[in-house]
Amino acid sequence: MPRSLRDIDWTMLALLLFLLVAGVFTIYSASTTKIGNDYITEDFYLRQLIWIGIGLILVYLTLRISYSFFEFFILPGYLVSILLLVLVLFLPEIKGSHRWIALGPFNLQPSELAKITTMLLLSKIISKPNTGDWELLFKSFFVTIIPVVLIMLEPDLGTSLTFWVILFSLLAISDLPIYFLILILSPILSVVTSFFSIFLFIFFLIILIYILYRTRLSLIIIGLGAFFNIIIFFITPLIWNALRGYQQNRILSFIDPTRDPFGAGYQIIQSRIAIGSGGFTGKGFLLGTQKNLNFLPEHHTDFIFSVIGEELGFLGCVVLLLLLFFFLYRIACNLEKLKRKETKLITAGVLAFLTFQIFVNIAINLGIMPTTGIPLPFISYGGSSLLINMFAVGLVLKFVNEQSIFK
Amino acid sequence: MFKKYSRSRYSIGIISILFFILTIAIFNLQIIAGEKYSRIAEKNYVRLKTITPIRGEIYDNKYRPIAVNEPAINLYVELGKIIDKDRLILFISENFEITAEKIEALIHKNRFRLYQDLLLVQNIPYDQLVRVAEHMNHFPSLTLKTENIRQYLYNNHFTGYVGRINDKEHEKLQDQGYSINSMIGKTGLEKYYESQLKGKNGLEILQVDASGRSLELFKESVVKNPVNGSTLILAIDNELQAYINRIFPENRNGAIVFQDLKTGGILAYVSRPDFDPTLFAQGISATDWDKLINDPNKAMLDRVIQGTYPPASTYKLLIAALGLTDNLIDKKTKLTYCDGGMNIGNRYFKCWIKKGHGKLSVVDAIKYSCDVFFYDLSTRISLERMGEFTRQNLLLDKTGIDLIGERKGFFPDLKWYKDNYGKYVGIIGPKVNLSIGQGEILTTPLQICCFFGALGNDGVWTRPHLLAKTIKDKETIEFQPTTMRLPIAEDILALMQESLYKAVNESYGTGTASKLNNVTVYGKTGSAENHMGKITHAWFAGYTVRDEPDLAFTIFLENAGHGGSVAAPLAGKIIKYYNKIR
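Reading the values: the criteria
- Residues numbered from 1 in each chain as written.
- Chains lettered and ligands numbered in written order.
- Predicted model: local features only at pLDDT ≥ 70, side-chain atom pairs only at ≥ 80, totals over all residues.
- Heavy atoms only, no water.
- Helix = DSSP H or I, 4+ residues; strand = E, 2+ residues; numbered from the N terminus.
- Rg over C-alpha atoms; globule rule 2.2 N^0.38 Å.
- Buried < 20%, exposed > 50% of the residue type's maximum accessible area, 1.4 Å probe, protein only.
- Contact = heavy atoms within 4.5 Å.
- Areas by Shrake-Rupley, 256 points an atom, 1.4 Å probe, with all protein chains shown as cover.
- Lys, Arg positive; Asp, Glu negative; His and termini not counted.
- Charge placed at Lys NZ, Arg CZ, Asp CG, Glu CD.
- Patch = residues over 30% accessible without salt bridge, like charges linked within 9 Å, V, L, I, M, F, W, Y side chains within 5 Å.
- Salt bridge = Lys/Arg side-chain N within 4 Å of Asp/Glu carboxyl O.
- Core = buried A, V, L, I, M, F, W, Y, C linked by side-chain atoms within 4.5 Å.
- 1 Å grid on protein atoms, 1.4 Å probe; cavity = no way out; pocket = protein on both sides within 12 Å on 5 of 7 lines; lining within 4 Å.
- Points joined across faces, edges and corners; volume = space filled by probe spheres on them.
- Buried area = accessible area lost by both parts, 1.4 Å probe.
- Polar contact = N/O pair within 3.5 Å; in protein donor to acceptor, adjacent residues only side chain to side chain.
- Domains from an automatic or database assignment.
- Pairing = 2+ DSSP bridges.
- Axes fitted to C-alpha atoms, helices over the stretch in contact; angles between N-to-C directions.
- Expected span 1.5 Å × (residues − 1).
- Nonpolar A, V, L, I, M, F, W, Y, C, P; charged D, E, K, R; others polar.

## Side note on the overall build of chain A
In step 1: A tally of helices and strands in chain A yields 15 helices and 4 strands.
In step 2: In summary, chain A has a C-alpha radius of gyration of 23 Å against a globular reference of 22 Å for 407 residues, a match within 12%.
In step 3: Evaluated residue by residue, chain A yields a buried proportion of 55% over its 407 residues.
In step 4: Intrachain contacts of chain A at a sequence separation of at least 6 include 72% that bridge at least 24 residues.
In step 5: Total accessible area on chain A is roughly 17,900 Å²; 73% of this is exposed by carbon and sulfur atoms.
In step 6: A gap of 7 Å separates the mean positions of the 27 positive and 22 negative side-chain charges of chain A.

The structure is reproduced here in structure tokens:
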């Protein structure tokens, strides 16, 4: 079924292209080294160009193909991703974890595929009419927890957190009563406060009960919620103390890798030195000196922002942030415009995970958040995440385009 | 209920807040702290340094050195500091033993490791150092480091050697603390016990400013001490090893191995010709390499575990035990009259002695090594059973000694004969030949040694091992040997022992040349026909008893003649010497 592409959001597409081109240049610089007067460049930028080409074709196809076609593949796609996530655990390690499936010259990252399929399935579940709140909550939680557990086993904390962000943003966008969201978040806060002080917890509990009371929830639900949180508060230290020292350390390092100065801690400091030494104007394209210190090989992937910071300085960083901001702003504007429930949910999910990944990646590079291994969307080298992100953007462009047609 | 999903309007606000946080953090890092980080970056103050552990040394059973570490001066280059690449390559290739192409290739291979020292030349002689020292200042990318290099105190095949890590090994092991400059065990004990010998890398983060004060960028401790490698104490006796090397016949190839029957430890392990492993550990020259690789006598071949030969008459023990086990004969059974040979089918098979042995029972047949007795016995045994019993007595599988590259033995089956000699091959002839250990059957000297050890040790076969104990942080861990009981009944073992005793200690026995006064030697000679020459390989295998079973041994000499005249006297000398020094 041919469709008009007249009403496409050209601004958004242009911003996307800007970001991709900026990415290729940065990858080029990140994989260039200088020996004496010779410059040597690895071919990552060429491969990224190929990925971008494939990605643009994917965007075009997404715009052309009817959504009912995609809809048909949502459940099978989800199941295939789960299967791949199980499979990847049994394959040999690549770079120290079970994140990739080696396919000839390329490494496929099934968690990226699972990200989009889970999001599409969640949108379908949540947008289904006449679903009770509890049923909806239970189903969407179930759909999310499976890939999350599998990805935690790889282990890849960063990507598994992305799934929670997607779930929460979809639930937040849906008209699920606000107290559900508060109830979902409250146990996390209880666990956190249990490591600080009981007064903090009591303070938190009073606020929780007050908010729930104001939403006119039945006293039974409020009581259950409070009781559940109290149990969590008291049980957390018990579980924690039952763990052996090395187990505690392992969990702490999982949450905060900087505790290991010889691993992630060293990377973060080096990233901070690189970005900090860039100053206001930077050292100039290709002229960075810190990028070749031994905290490679994440330079062209997770730590690519540090190369921009070092070579293009504060000015470069701000330009990139503006590009990224306007791109996200554009998606947010489109989100407002969209009317159909499912398209709105999907767009919200795309916006949420892109925002999350951009924020977390840059925050890690700046050393204000623990490292978790998240690439910078559209900029970092990596086929799997680039294709999935471009497909996601393609969906948003498609929804906007089609909405105008049927207006 | 109509859902309008109106909460989406908050999204722009949330995104704005997040980007505001990022902008503040970037501002903080680049504008406020920019100068501080510029200084750190410029001087490269923050560096990660690997502290290489000291490789464990190897000693003999009386703590005398076999493989030790020696200080050596190595030349490193840091690619990121190269000013003029061509001038540097010229300087190095002119002054050190490395070609320009090699340096170029090394630089190209490591072009993405700019700030890591790259090992260029190892073990630079002192006089060479003095000559180039003053020119070194022109090349800030070059550094000299005093490090350890491996030295092996004598030629041997069991220590193996270390060498620089290759690309394949590095790719596989880089997560386990190996760098592009690492030395790694390539063969022998060095490879087998690599993980114990290596130890664990230490790490240190250097974080100092211009005046030497700590920058305190890291909260936690920034030094992780290395764990040095464990020391290996072998069962080997250096003195015995030296004696065997001294009396080993000149210009002969062969293997001599002695096993201590109480522990299973290998006391002496000699394969000749041999080579100096130090050559490999310290960078072998192209000429030395060519000489070793193209050596017609194959000095690199470890004949103890990699040389496979027909076991000749030493194999008669196994056939005799098989005949007795399957009740084909008893100790009194006398087989065909030996008149210097016998007819089987339409072929006449000769005994090794022309005048013949007459009618013999099993003990005397072993004592005199009469072939005819075994020819006759072989006609009652199937090929499959013969192969099966040989395998059960561990003469075919690897012994599992703690070394790399051990070879299996070989015993042909019917399929093998058909594949090699056609569908209608007759196997009676080959089987007759196999019964006296000639023909297609192949075993290693070590397998034979262990088999005879088990005969002497009441059927208990002990897996041979070179390692006696490891010492790690003053804690000594004894090697735990594994044993197996061979499927030979006690009364049969007694007969085997009796015949081995007679072969050495009674007149006209084949191994009398090894007879000693204060220690009882049990042994069997062998002379293996082979395609390497007209003269047979000489075997003498057996064990000694001093109150209880003491040593097992194999003396094997390629194309040296008869076991009784060539190999047996050597055994006697070595055992006598060992009893003097122990």
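Don't stop here, the text continues.
## Details of the overall build of chain B
In step 1: Tallying secondary structure elements over chain B gives 20 helices and 21 strands in all.
In step 2: Of all 582 residues assigned to chain B, the portion counted as buried reaches 54%.
In step 3: Long-range pairs, those at least 24 residues apart, make up 71% of the contacts in chain B between residues at least 6 apart in sequence.
In step 4: About 27,300 Å² of surface is accessible on chain B, with carbon and sulfur atoms providing 51% of the total.
In step 5: Both charge centroids of chain B, one from 73 positive and one from 63 negative side chains, sit 4 Å from each other.

## What about a nonpolar patch on the surface?
Residues and elements named next belong to chain A.
In step 1: Nonpolar side chains collect at one region of the surface, where Leu185, Ile188, Val191, Val192, Phe195, Phe196 and Leu200 lie side by side and expose about 640 Å² of accessible area between them.
In step 2: Here the nonpolar patch gets 4 residues from one element, more than from any other, and that element is helix H8 (residues 178-194).
In step 3: The class for Ile188 is exposed, based on a relative accessible area of 52%.

## What to know about the nonpolar core
In step 1: Phe305, Phe327, Leu354, Ile362, Leu366 and Phe378 of chain A together with Val46 of chain B are the most contacted members of the largest nonpolar core, which has 125 residues in total.
In step 2: Not counting residues up to four positions away in its chain, the partners in contact with Ile362 of chain A are Phe305, Leu321, Leu324 and Leu376 of chain A together with Leu22 of chain B.

## Observations regarding empty space enclosed by the protein
All names here are of chain A.
In step 1: With the rule as written, the count across this model stands at 2 cavities of 30 Å³ or more.
In step 2: Space inside the largest cavity adds up to approximately 40 Å³.
In step 3: Taken together, Gln357, Pro375, Leu376, Pro377, Phe378, Ser380, Ser385, Leu386 and Asn389 make up the full set of residues lining the largest cavity.
In step 4: No other element matches helix H15 (residues 383-405), which puts 3 residues into the lining of the largest cavity.

## Observations concerning the pattern of salt bridges
All names here are of chain B.
In step 1: Enumeration according to the criterion identifies 30 salt bridges over all chains in this entry.
In step 2: Its salt-bridge partner being Glu104, residue Lys85 comes within 3.3 Å of it at the nearest N-O pair. A residue pair is termed long-range when its members are at least 10 positions apart, and Lys85 in helix H3 (residues 85-95) and Glu104 in helix H4 (residues 100-109) qualify at 19 residues.
In step 3: Accessibility expressed as a relative area gives 15% for Lys85, which makes it buried.
In step 4: The partly exposed category is assigned to Glu104, whose relative accessible area is 35%.
In step 5: Two residues, Arg385 and Glu388, come together in a salt bridge whose shortest N-O distance is 2.7 Å. In this pair, Arg385 and Glu388 are both assigned in helix H15 (residues 383-392), 3 residues apart and thus about one turn of the helix distant.
In step 6: Three or more residues joined by partner-sharing salt bridges are found here, namely Asp60, Lys62, Arg64, Asp237 and Glu239.

## A closer look at H15 of chain B
In step 1: Among the residues of H15 of chain B, those classed as buried are Leu383, Arg385, Met386, Gly387, Phe389 and Thr390 of chain B.
In step 2: Within two residues after H15 of chain B, Leu394 of chain B carries a phi angle of roughly 60°, on the positive side.

## As for the interface of chain A and chain B
Accessible area lost upon the coming together of the parts serves often as the stated size of an interface.
In step 1: With 68 residues of chain A at the contact, the number on the chain B side is 53 residues.
In step 2: Overall, the association of chain A and chain B removes approximately 5,200 Å² of surface from exposure, summing both partners, and the carbon and sulfur fraction of that is 70%.
In step 3: Sorting the residues of chain A by area buried against chain B places Ile35, Asp175 and Phe262 of chain A first, and these three jointly supply 15% of that buried surface.
In step 4: For the pair chain A and chain B, the interface holds 0 salt bridges.
In step 5: Our count for the contact surface shared by chain A and chain B stands at 6 residue pairs in polar contact (both at pLDDT 80 or more).
In step 6: Residue assignment for the side of chain A that touches chain B shows that the elements contributing at least two residues are strand E1 (32-35), strand E2 (38-41), helix H5 (110-127), helix H7 (157-173), H8, helix H12 (264-278), helix H13 (304-337) and helix H14 (341-366) of chain A.

## Overview of the domain arrangement of chain B
Residues and elements named next belong to chain B.
In step 1: Under the domain assignment used here, chain B contains domain 1 (48-147 + 189-229) and domain 2 (238-581).
In step 2: The straight-line distance from the C-alpha centre of domain 1 to that of domain 2 is 47 Å.
In step 3: Between domain 1 and domain 2, the residue contacts involve 13 residues of the former and 15 residues of the latter.
In step 4: Both faces combined, the contact of domain 1 with domain 2 buries some 1,200 Å², and carbon together with sulfur accounts for 53% of it.
In step 5: For the domain 1 face of the interface with domain 2, the top three residues by lost area are Leu189, Tyr192 and Tyr193, together amounting to 34%.
In step 6: Taken together, domain 1 and domain 2 are joined by 1 salt bridge.
In step 7: The salt bridge involving Glu239 is made with Arg64; its shortest N-O contact spans 3.2 Å.
In step 8: Summed over the shared surface of domain 1 and domain 2, the result is 6 residue pairs in polar contact (both at pLDDT 80 or more).
In step 9: Counting residues per element, the ones that place at least two in the side of domain 1 that touches domain 2 are strand E3 (65-78) and helix H7 (188-192).

## Description of the pairing of E3 of chain B
All names here are of chain B.
In step 1: Within E3, 10 of the 14 residues are buried, leaving the element largely enclosed by the surrounding structure.
In step 2: One ladder, built from 2 bridges, connects strand E2 (residues 58-59) with E3; its direction is antiparallel. Opposite Ile58, over in E3, you have Ala67 as the bridge partner.
In step 3: In textbook terms, the turn of a hairpin is the stretch between consecutive antiparallel strands, and for E2 and E3 this stretch comprises 5 residues, one of which, Tyr63, has a positive phi near 60°.
In step 4: Relative to strand E4 (residues 117-121), E3 runs antiparallel, the two sharing 4 bridges.

## A word on the sheet that holds strand E11 (residues 254-260) of chain B
Residues and elements named next belong to chain B.
In step 1: Read from one edge of the open sheet, 5 strands run E12-E11-E21-E20-E19, paired in antiparallel fashion. Lying at the two open borders of the sheet, with one neighbouring strand each, are strand E12 (266-272) and strand E19 (520-530). On average, each strand axis in the sheet is inclined to that of its neighbour by 10°, with strand direction left out of account.
In step 2: One ladder, built from 6 bridges, connects E11 with E12; its direction is antiparallel. By the bridge assignment for E12, Ile256 is matched with Val270.

## Remarks on helix H1 (residues 10-30) of chain A
Residues and elements named next belong to chain A.
In step 1: For H1, which comprises 21 residues, the first-to-last C-alpha distance of 30 Å matches the rise-based estimate of 30 Å (1.5 Å per residue) to within 8%.
In step 2: Taken residue by residue, H1 has Met12, Leu13, Leu15, Leu16, Leu19, Leu20, Gly23, Val24, Thr26, Ile27, Ser29 and Ala30 as its buried positions.
In step 3: Measuring from the backbone nitrogen of Thr11 back to the side-chain oxygen at the start of H1 gives 3.2 Å, which picks out Asp9 as the cap.

## Focus on the domain arrangement of chain A
Residues and elements named next belong to chain A.
In step 1: If you check the domain split of chain A, you get domain 1 (50-175), domain 2 (177-242) and domain 3 (257-385).
In step 2: On the domain 2 side, the residues contacting the 7 residues of domain 1 number 6 residues.
In step 3: Between domain 1 and domain 2 lies a buried interface of about 640 Å² when both sides are counted; carbon and sulfur atoms form 87% of it.
In step 4: Area buried by domain 1 at its contact with domain 2 is led by Asp133, Trp134 and Phe168, which between them contribute 60% of it.
In step 5: For the interface between domain 1 and domain 2, the tally reads 0 salt bridges.
In step 6: Run the count over domain 1 and domain 2 and you get 0 residue pairs in polar contact (both at pLDDT 80 or more).
In step 7: Sorting the residues of the side of domain 1 that touches domain 2 by element identifies helix H6 (133-153) and H7 as the ones contributing at least two each.
In step 8: Taken together, the residues of the side of domain 1 that touches domain 2 break down into 5 nonpolar, no polar and 2 charged.

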